[in-house]
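Working through the structure, step by step
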Amino acid sequence: MKDLEQMLDLLEQKKIYFLHYEKEMEALPLLAAEELEPCLQRGAKIIKKIEELDVRLTQLIQQSGPLVRSAVNHQCDRYQLNPELGKLYDASLSVKAVASRILQNDEMIRQRIALEREKALENIKEINSRPHAVAGKYHRSMQTGAASFFPENQGKEA
């Protein structure tokens, strides 16, 4: 199989990027709020690299035929494959193992982001309920509402 080494290399690179992503995201629940966004941005860059590898890998798999596709997607019995396809099967399985662990951690990450969102909303509510904020809102409403009390003066200059 002519593209076997290239597919194995792409799968290995994909696994490495997933491992980097996993390591980056494992730290996220423990980070301070101001460090969350940079961490998520780093994660997004890693995902972009994985997607680029996926495009190349998918092209090679499609060119190689249905037997390769079934081996990479684990839609066949591993022990009925020849040694070359067995390597692809195993390499793909190791990538899926890392991806599975990432998905398990995903809920913890979502909870942390939701917690930070709630904290931010509470801070906004607190700021908006302070006396100077209420006075400022009243002052703005009086400025913008004055014209609506006298509709006959709208559009006329004094």
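You'll find the structure just up there.
Not measured: the values here are computed from a predicted model. (Residues numbered from 1 in each chain as written. Predicted model: local features only at pLDDT ≥ 70, side-chain atom pairs only at ≥ 80, totals over all residues. Heavy atoms only, no water.)

1. Details of the overall build of the protein chain
Note the threshold: Numbering of helices and strands starts at the N terminus; helices are DSSP runs of H or I of at least 4 residues and strands are runs of E of at least 2. Burial status follows relative accessibility: with a 1.4 Å probe on protein chains alone, a residue under 20% of its type maximum counts as buried, one over 50% as exposed, and anything between as partly exposed. Here, residues are in contact when the closest pair of their heavy atoms is within 4.5 Å. Using a 1.4 Å probe, accessible areas were evaluated by the Shrake-Rupley method; residue-level cover was limited to the displayed protein chains.
Across its full length, the protein chain carries five helices and zero strands. Listed N to C, the secondary structure of the protein chain is α-α-α-α-α in terms of helices and strands. Relative to its 158 residues, the protein chain shows a buried fraction of 28%. Nonlocal contacts in the protein chain, meaning residues at least 24 apart in sequence, comprise 63% of its contacts between residues at least 6 apart. Total accessible area on the protein chain stands at roughly 11200 Å², and carbon and sulfur atoms take up 56% of it.

2. Considering the pattern of salt bridges
Convention followed: Every case where a carboxyl oxygen of Asp or Glu lies within 4 Å of a side-chain nitrogen of Lys or Arg is listed as a salt bridge.
Tallied over the full model, the rule gives six salt bridges. Between Lys14 and Asp54 there is a salt bridge, and its shortest N-O distance comes to 2.5 Å. Here Asp54 lies in helix α2 (residues 33-64) and Lys14 lies in helix α1 (residues 4-27), a separation of 40 residues in the sequence. Under the relative-accessibility criterion, Lys14 is labelled buried at 12%. For the salt bridge of Glu116 with Lys119, the shortest nitrogen-to-oxygen distance reads 3.6 Å. With Glu116 and Lys119 both in helix α4 (residues 83-129) and three residues apart, the pair spans about one turn of that helix. Owing to a relative accessible area of 44%, Lys119 belongs among the partly exposed residues under this scheme.

3. Looking at the packing of α1 against α2
Test applied: Structural elements are reduced to axes, namely lines fitted to C-alpha atoms, with helices fitted over the stretch in contact, and the angle between N-to-C directions of any two is expressed from 0 to 180 degrees. Should an angle lie under 35 degrees it is considered roughly parallel, over 145 roughly antiparallel, and from 65 to 115 roughly perpendicular; all remaining angles are considered oblique. Helix crossings fall into two classes, left-handed where the near helix is turned counterclockwise from the far one by less than a right angle and right-handed where it is turned clockwise. Each residue is assigned to one of three groups, with Ala, Val, Leu, Ile, Met, Phe, Trp, Tyr, Cys and Pro labelled nonpolar, Asp, Glu, Lys and Arg labelled charged, and all others, Gly among them, labelled polar.
Where α1 contacts α2, the axes come no closer than 9 Å and their chain directions differ by 160°. Overall, the two elements α1 and α2 adopt an arrangement that is roughly antiparallel. The element α1 and its partner α2 pack so that their crossing is left-handed. Of the residues contributing to the contact of α1 with α2, the split by class is 16 nonpolar, five polar and six charged.

4. Quick notes on the nonpolar core
For the record, the criterion: Here the nonpolar core consists of buried residues drawn from Ala, Val, Leu, Ile, Met, Phe, Trp, Tyr and Cys, with membership extended through side-chain atoms lying within 4.5 Å.
Met7, Val68 and Leu88 are the most contacted members of the largest nonpolar core, which totals 30 residues. Contributing elements (two or more residues each) for this core: α1, α2, α3 (66-72) and α4.

5. Looking at α4
In plain terms, the rule: Here, expected helix span is obtained from the residue count minus one, scaled by 1.5 Å. For a residue, the bend is simply the angle between two axes, fitted respectively to the seven-residue segment ending there and the seven-residue segment starting there. Residues adjacent in sequence count toward polar contacts only when both atoms are side-chain atoms; beyond that, a polar contact is any pair of N or O atoms within 3.5 Å, and within protein one must be able to donate a hydrogen and the other to accept it.
With 47 residues, α4 should reach 69 Å at 1.5 Å per residue; the first-to-last C-alpha distance of 69 Å fits that figure. At Asn105, α4 shows its largest bend, some 30°. For α4, the complete set of buried residues consists of Leu85, Gly86, Leu88, Tyr89, Ala91, Ser92, Val95, Val98, Ile102, Ile109, Arg112 and Glu116. Check the buried side of α4 and you find it contacts α1, α2 and α3. Two to three positions downstream of the cap, the backbone nitrogen of Glu84 sits 3.1 Å from a side-chain oxygen, assigning the N-cap of α4 to Asn82.

6. Observations regarding the packing of α1 against α4
Between α1 and α4, whose axes approach to 9 Å, the crossing angle comes to 15°. Relative to α4, the element α1 is oriented roughly parallel. Two packed elements cross with a definite hand, and for α1 against α4 that hand is left-handed.

7. Digging into a negative patch on the surface
For clarity, the threshold we go by: Within the patch definition used here, like charges are joined within 9 Å and nonpolar side chains (Val, Leu, Ile, Met, Phe, Trp, Tyr) within 5 Å, considering only residues with over 30% relative accessible area and no salt bridge. Here Asp and Glu are counted as negative and Lys and Arg as positive; His is not counted, and neither are the chain ends. Here the site of a charge means NZ on Lys, CZ on Arg, CG on Asp, or CD on Glu.
On the surface, Glu5, Asp9, Glu12 and Glu84 cluster together to form a negatively charged patch. When residues of the negative patch are assigned to their parent elements, the largest contribution, three residues, is made by α1. Among the structural elements, Asp9 can be located in helix α1. Asp9 sits in the partly exposed class, given a relative accessible area of 41%.

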